[in-house]
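Below are the chains, spelled out letter by letter.
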Amino acid sequence: MSAAPPAGEWRAMRAADVPAVMRLADVVHPTFFEGASVFHDRLALFPEGQWVLPGPGLELAGYAVSYPARLGAPPTLDTVLGALPEDADSLYIHDVALHPAFRGRRLAEPVIARLLRLAGGRPAMLVSVYGTAPFWARFGFCERQGERIAAKLASFGAGAVFMTREPGEEKAARD
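Read on for an overview of the structure. This is a predicted model, so every value here is computed, not measured. (Residues numbered from 1 in each chain as written. Predicted model: local features only at pLDDT ≥ 70, side-chain atom pairs only at ≥ 80, totals over all residues. Heavy atoms only, no water.)

1. Thoughts on the overall build of the protein
No. 1: If you tally the helices and strands in the protein, you get five helices and seven strands.
No. 2: In summary, the protein has a C-alpha radius of gyration of 15 Å against a globular reference of 16 Å for 175 residues, a match within 12%.
No. 3: The principal-axis extents of the C-alpha atoms in the protein amount to approximately 45 × 35 × 30 Å.
No. 4: For the protein, the proportion of its 175 residues judged to be buried stands at 46%.
No. 5: Taking as baseline every contact in the protein between residues at least 6 positions apart, the subset at least 24 positions apart corresponds to 73%.
No. 6: Counting every atom, the protein has about 8700 Å² of accessible surface; 58% of that belongs to carbon and sulfur.
No. 7: If the 18 positive side-chain charges of the protein are averaged to one point and the 19 negative ones to another, these points end up 5 Å apart. (Helix = DSSP H or I, 4+ residues; strand = E, 2+ residues; numbered from the N terminus. Rg over C-alpha atoms; globule rule 2.2 N^0.38 Å. Buried < 20%, exposed > 50% of the residue type's maximum accessible area, 1.4 Å probe, protein only. Contact = heavy atoms within 4.5 Å. Areas by Shrake-Rupley, 256 points an atom, 1.4 Å probe, with all protein chains shown as cover. Lys, Arg positive; Asp, Glu negative; His and termini not counted. Charge placed at Lys NZ, Arg CZ, Asp CG, Glu CD.)

Rendered as structure tokens:
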């Protein structure tokens, strides 16, 4: 099997990217459907937290979705927010996804670094799925547990792990 052609540079997501984002989401997250309205909602509410990685041709090699939220209160899947919480105290990394053909090349690192800078002095949080907790630990994320968060994780399926990263928890990405 030959290696995938090189991807481009991460760039700001545009509304016109949403169909390609959804096609990629279908490949990367076949059991976690989210409608186009979710991606348009996040793009309208917090454009600086939405990124895409162009692949060869017109399709995408990756995408990233993030926005301010209340620490420990990630929304359930396929939820249109309508507005960001006024008391948001963290950055929620909703998804950083790469097409399987582009994994293993450290292509996610630049956008993750950008998102962590975007968090600024606030904590960052995410829900790790598909056993990716060790990947996120490389960036300073640690697993958090509790009854309140366990109920939130139900929509993410078995094995979902809630993780947070406090400001200043710098870790260099390693293989």
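After that view, the rundown keeps rolling.
2. Quick look at the sheet that holds strand β1 (residues 11–12)
No. 1: Taken in spatial order, the seven strands make up an open sheet running β1-β2-β3-β4-β5-β7-β6, and their pairing is mixed. A single partner strand is all that each edge strand has here, and the edge strands are β1 and β6 (142–143).
No. 2: Here strand β2 (residues 50–54) runs beside strand β3 (residues 60–69); their pairing, made up of five bridges, is antiparallel. Its bridge partner lying in β3, W51 is registered against A64.
No. 3: Across the sheet, helix α1 (residues 18–28) touches β2, β3 and β4 (90–98), and the angle it forms with β3 is around 95 degrees.
No. 4: Helix-sheet contacts for helix α2 (residues 36–45) involve β2, β3 and β4, and the interaxial angle to β3 is about 60 degrees. (Pairing = 2+ DSSP bridges. Axes fitted to C-alpha atoms, helices over the stretch in contact; angles between N-to-C directions.)

3. Re helix α3 (residues 109–119)
Residues spaced three or four apart along an α-helix face the same direction, because each turn holds 3.6 residues.
No. 1: Along α3, the positions that sit buried rather than exposed are E109, V111, I112, L115, L116 and A119. Down the axis of α3, the buried set is contained in an arc of 165 degrees. They therefore lie on one face.
No. 2: Where α3 is buried, its residues touch β2, β3, β4, β5 (124–128), α4 (133–137) and β7 (161–165).
No. 3: Just downstream of α3 lies G120, where phi reads positive at about 60 degrees. (Arc of directions from axis to C-beta.)

4. Some thoughts on α1
No. 1: Within α1 the residues assigned to the buried category are V18, A20, V21, M22, L24, A25 and V28.
No. 2: Those residues of α1 that are buried lie in contact with α2, β2, β3 and β4.

5. Examining the nonpolar core
No. 1: Core analysis: the largest hydrophobic core is formed by 53 residues, its most contacted members being Y63, I93, V96, W136 and F141.
No. 2: If near-sequence neighbours (up to four positions away) are discounted, V96 is found in contact with Y63, A64, A108, V111, I112, L115 and W136. (Core = buried A, V, L, I, M, F, W, Y, C linked by side-chain atoms within 4.5 Å.)

6. Things to note about the packing of aromatic side chains
No. 1: The final tally for this structure, using the stated rule, is seven aromatic pairs.
No. 2: Measuring from centroid to centroid gives 5.2 Å for F135 and W136, while their planes differ by 85 degrees, and the two rings are edge-to-face.
No. 3: Residue F135 is classed as partly exposed on the basis of its relative accessible area of 27%.
No. 4: Judged by its relative accessible area of 6%, W136 falls in the buried class.
No. 5: An aromatic cluster is built from F135, W136, F139 and F141, whose rings are joined through pairwise contacts.
No. 6: Seen from the ring of W51, R114 lies directly overhead, with NZ or CZ sitting 4.0 Å from the centre. (Phe/Tyr/Trp six-rings, centres within 6.5 Å; stacked < 30°, edge-to-face > 60°. Lys NZ or Arg CZ within 6 Å of the ring centre and 35° of its normal.)

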